[in-house]
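Notes for the structure review
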Amino acid sequence: MCNFERFKPRTRLLCEVVAGRDVIGAGRWWITGYRSPVPVPTKQFAYLYPPHHSWQDYIVYLGSISNQYSVSSQHISILEQAVNGRSIEETIIRSYKRSFNGFAAKLTEKEAENLRSAKEVVSIFPSRTLQLHTTRSWDFLGVPEPTPERLNAESDIIIGVIDSGIWPESPSFNDDGLSPVPNKWKGGCHGGTNFTCNKKIIGARGYTEDVRDTEGHGTHTASTAAGREVEGASFYGIANGTARGGVPSARIAVYKACGVGGCQDKDVLAAFDDAIADGVDMITISLGGSSVEFYEDTIAIGAFHAMAKGVLTVQSAGNEGDEKASTASLAPWLFSVAASTTDRRIIANVTLGNGKTLTGNSVNAFELKGDKFPLLYGKGTTTVCEEADAKRCLERCLDRRLVRGKILVCDYNTALGVFRAGALGSLAVTRFDNVSYIFPFPAATLNPSDFEALKSYLNSTESPVGNILKSEATNDTNAPFVAKFSSRGPNSIASDILKPDISAPGVDILAAYSPEASVSSPEDKRSVKYSVLSGTSMACPHVAGAAAYLKSVHPDWSPAAIKSALMTTAAPMSPTKNPDAEFAYGSGHLNPVSATNPGLVYDATVNDYIKFLCKSGCEPANIALITGNKNISCPEEIDPSPKDVNYPSMAALVDADKPFNVKFSRNVTNVGNSSSTYKANVISGSNIQVGVKPDTLSFKSLKETYSFDVVVTGKGFPYSSLATASLVWSDGIYTVRSPIVVYTR
């Protein structure tokens with residue numbers, strides 16, 4: 001018999017109800033300790049704790065794989081030492097045992113602390129929730145439609161996509177004419193019910209649910225990187241054209257680590273574990289969180305193991321806006337991507353009753369029946385709120401009777417609330433000009449100047465009217481420039497590593513989409529095969545596609561060499577259009593065609609990155625947390641100059657208002673002509689002086705390597721200053737450009 005009123009907290013209490021003796025039905029098993037008893041089907045499933053626990057998902061990282069023991073047995077043995085009173089089966093969530101060693105488990109804080117002291121444990125940290133960073137673009141980048149020869153070379157490349165899954169039936173993932181799956185592929189197709197792989201999508205794994213994409217994000221990023229050519233793709237006729245990825249014949253392996261609630265660290269790390277072991281050549285991951293130390297960053301840890309196996313990881317820089325030091329993709333072995341515009345801009349014209357036309361930002365597929373509709377602003381929308389809140393169009397303020405049939409003018413972009421209130425449409429001010437989003441009804445955002453013009457018209461008449469027209473694509477001659485939503489540098493963890501690394505198209509990108517995903521909000525019931533999205537999430541697969549293309553041309557190149565080629569051939573961008581300069585766009589704008597023949601590359605190995613960590617002041621114990629190798633030691637006397645890692649860009653943080661003398665040591669490897677002489681040319685402003693020694697490099701053969709030093713001097717800058725220059729090596733055929741950045745905080 002059970003007493004449901006009295007029990008000891010944090011203890012397990014399983015009771016069988018006896019007929020006539022308890023108030024709850026007989027012959028059933030119940031768990032007590034909850035506000036109400038919880039029924040369970042059998043005693044076997046009834047061993048749970050009351051809600052007074054403080055369980056949390058932890059990642060227990062054990063480092064590299066050893067062949068001396070069974071990994072699964074080791075995980076069980078370690079957990080048994082720390083967990084009392086619970087079965088291991090209900091504690092362990094995930095085992096990492098293919099590319100590196102570790103597991104995820106539900107632990108209390110005390111249990112996690114007990115595990116920290118275990119000799120096998122390299123590190124243990126809570127599993128965070130990360131977020132997804134949410135056609136014409138490849139033409140804009142100058143990438144021609146693939147030739148049969150190129151298609152054949154690309155077909156051996158496998159891109160691992162860690163995201164929200166994929167919609168396998170999309171025309172972008174058909175396998176017509178593709179050759180058999182490469183023999184090097186070691187993965188499988190575990191997509192779930194009614195999910196079928198083919199010669200295009202060759203692998204699928206899910207970590208919380210089946211791999212089918214219900215968010216749309218993963219389908220969009222995968223098709224941007226490697227989608228097949230699909231003619232007549234559009235969003236309700238907007239941005240109509242041929243959709244294609246950067247490497248249409250490359251294979252895709254999908255790792256669904258993200259769902260409606262975001263992306264759990266434990267699942268992201270499992271995706272890296274599988275992708276590396278499955279044999280992918282490239283990983284694209286359009287997600288992230290806030291910046292944390294490398295040894296606590298699952299993406300940095302997973303990417304380090306990938307790099308050690310010859311796999312480059314490309315990550316989105318983030319969508320935290322133009323605030324300084326907002327990017328969270330910071331490790332030097334990661335390829336961090338900012339988002340920029342293309343020459344196709346999607347707009348929705350807004351016509352006013354005074355004859356003026358304003359340029360709105362919107363992917364608006366709706367056409368209102370009529371020419372002019374009432375515009376309503378401020379107090380006229382509400383009977384319960386003050387005017388300031390009414391002008392912001394807060395949903396709680398809007399009176400359905402007052403707003404029905406009218407286009408609301410809002411000081412804040414609350415379009416979804418306006419839609420729910422039953423208004424006809426919405427016009428709002430935005431600081432993110434030149435970026436168009438999809439709304440569930442006719443809506444557009446205006447830049448501050450146009451919004452002031454709109455308000456001026458409202459004040460000029462008692463009966464203002466207007467219309468929001470269906471969107472159209474226009475030519476933007478100012479492109480490319482970095483989007484305002486794109487996260488900026490400098491690097492908040494490693495101040496001498498310039499981040500982001502490069503910029504790529506990430507605004508108004510049309511690509512494949514999941515027909516089960518909402519195109520704007522849950523209330524929007526439209527279903528599409530292709531949609532328009534903006535974000536560094538969209539920029540990231542452009543670079544991954546370009547890197548895969550490079551890998552198909554140079555299959556023996558290291559991740560660092562591929563990254564170098566793309567960075568040193570990137571097109572320079574204008575600091576006038578981008579006030580944050582290199583902190584916005586890194587080395588410049590992606591230029592895939594030139595990257596196939598970069599002339600020289602800045603290569604780097606695992607040991608180079610370990611030296612960088614040592615020079616950065618990382619303790620060997622913390623380096624072990626990243627590499628998984630507990631035997632690493634840093635020299636007792638080491639030059640504390642992490643800026644000397646062989647990186648394609650150069651950055652240094654200096655003290656404000658003090659003269660500085662900064663030296664960068666680099667080496668380059670010849671991948672151009674066997675016999676060639678490169679001369680250094682420096683482009684800089686008058687506030688810094690840059691010297692290169694030697695300033696001439698004469699190569700006699702391919703793969704030959706030469707070292708050089710770059711010395712930057714100046715009289716000192718005020719706080720929050722930035723000075724830039726460029727080092728350009730050229731032999732008359734190839735041009736190899738590296739940005740140089742000196743800054744103060």
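The subject of this paragraph is helix 8 (residues 298-308). Here helix 8 lies mainly inside the structure; 10 of its 11 residues are buried. Along helix 8, the positions that sit buried rather than exposed are Thr298, Ile299, Ala300, Ile301, Gly302, Ala303, Phe304, His305, Ala306 and Met307. Among the residues trailing helix 8, Gly310 stands out with phi positive, at a value near 85 degrees.

Next up on the list: the sheet that holds strand 40 (residues 735-743). Taken together, 5 strands build an open sheet; the order of strands is 33-40-39-35-37 and the sheet is mixed. Each edge of the sheet is formed by a strand with only one pairing partner; in this case those strands are strand 33 (650-653) and strand 37 (696-699). Across the sheet, the axes of successive neighbouring strands diverge by a mean angle of 15 degrees, strand direction being ignored. Strand direction decides the pairing type here: strand 33 and strand 40, joined by 4 bridges, are parallel. Across the sheet, residue Ala651 finds its bridge partner in strand 40, namely Val741.

A few words now on the packing of aromatic side chains. Counting across every chain of the model gives 12 aromatic pairs. Here Trp333 and Tyr609 contribute two aromatic rings whose centre-to-centre distance is 5.8 Å and whose plane-to-plane angle is 70 degrees, an arrangement assigned as edge-to-face. With Trp333 in the loop between strand 19 (312-316) and strand 20 (334-340) and Tyr609 in helix 17 (residues 606-615), this pair connects stretches of sequence that are 276 residues apart. A single burial state applies to Trp333 and to Tyr609, both of which are buried.

Here we come to the sheet that holds strand 32 (residues 600-601). Read across the sheet, 4 strands follow the order 32-34-38-36 without closing on themselves; strand pairing throughout is antiparallel. In the strand order of this sheet, the two ends are held by strand 32 and strand 36 (689-693), each with one partner. When strand 34 (residues 660-670) meets strand 38 (residues 705-714), the two strands line up antiparallel, connected through 10 bridges. Along strand 38, the bridge assignment pairs Val662 with Val712.

Across 4 bridges, the pairing between strand 35 (residues 676-684) and strand 37 is antiparallel. From the neighbouring strand, Thr677 faces strand 37, where its bridge partner is Ser698. Of the strand pairs in this sheet, strand 35 and strand 39 (residues 722-730) are connected by 6 bridges, and their pairing is antiparallel. By the bridge assignment for strand 39, Ile683 is matched with Ser726.

A few words now on the side chain of Asp175. Among the structural elements, Asp175 can be located in the loop between strand 9 (158-163) and strand 10 (189-190). Lacking a salt bridge, the buried Asp175 has Lys199 as its closest oppositely charged neighbour, with an N-O distance of 4.9 Å. A distance of 3.1 Å separates a polar atom in the side chain of Asp175 from the backbone nitrogen of Lys199. Ignoring sequence-local partners within four residues, the contact set of Asp175 consists of Asn198, Lys199, Lys200 and Arg228.

Applying the stated rule across the entire model yields 23 salt bridges. A salt bridge links Asp496 to Lys643, with the nearest nitrogen and oxygen atoms 3.9 Å apart. One end of the pair, Asp496, is in the loop between strand 28 (472-475) and strand 29 (502-505); the other, Lys643, is in the loop between helix 18 (620-627) and strand 33, and 147 residues separate them in sequence. With a relative accessible area of 12%, Asp496 lands in the buried category. With relative accessibility at 14%, the residue Lys643 sits in the buried group. Asp524 is paired through a salt bridge with Arg526; the nearest N and O atoms lie 2.7 Å apart. With a relative accessible area of 15%, Arg526 lands in the buried category. Sharing partners across several salt bridges, the network here consists of Arg98, Arg205, Asp274 and Asp278.

Counting through the fold element by element, Ala504 comes out in strand 29. When its relative accessible area of 0% is taken as the criterion, Ala504 is described as buried. If we ignore the near neighbours within four places in the chain, the residues touching Ala504 are Val337, Ala338, Ala339, Ser340, Ala539, His542, Val543, His589 and Leu590.

Right, let's get into the state of the cysteines. All told, the structure shown has 5 disulfides when counted by the stated rule. With a sulfur-sulfur separation of 2.1 Å, Cys385 is cross-linked through a disulfide to Cys397. Between Cys385 and Cys397, the S-S dihedral sits near -85 degrees, and the bridge is therefore left-handed. Taken together, the residues Cys385 in the loop between strand 23 (373-377) and helix 9 (387-391) and Cys397 in the loop between helix 9 and helix 10 (400-403) connect sequence positions 12 residues apart. Note on Cys385: relative accessible area 6%, which makes it buried. You can see Cys540 has no disulfide; the closest cysteine sulfur is in Cys258, sitting 12 Å from it. Between Cys618, a cysteine without a disulfide, and Cys634, which holds the nearest cysteine sulfur, the sulfur-to-sulfur distance is 8.0 Å.

What counts as what
- Residues numbered from 1 in each chain as written.
- Predicted model: local features only at pLDDT ≥ 70, side-chain atom pairs only at ≥ 80, totals over all residues.
- Heavy atoms only, no water.
- Buried < 20%, exposed > 50% of the residue type's maximum accessible area, 1.4 Å probe, protein only.
- Helix = DSSP H or I, 4+ residues; strand = E, 2+ residues; numbered from the N terminus.
- Pairing = 2+ DSSP bridges.
- Axes fitted to C-alpha atoms, helices over the stretch in contact; angles between N-to-C directions.
- Phe/Tyr/Trp six-rings, centres within 6.5 Å; stacked < 30°, edge-to-face > 60°.
- Lys, Arg positive; Asp, Glu negative; His and termini not counted.
- Salt bridge = Lys/Arg side-chain N within 4 Å of Asp/Glu carboxyl O.
- Polar contact = N/O pair within 3.5 Å; in protein donor to acceptor, adjacent residues only side chain to side chain.
- Contact = heavy atoms within 4.5 Å.
- Disulfide = S-S within 2.5 Å.

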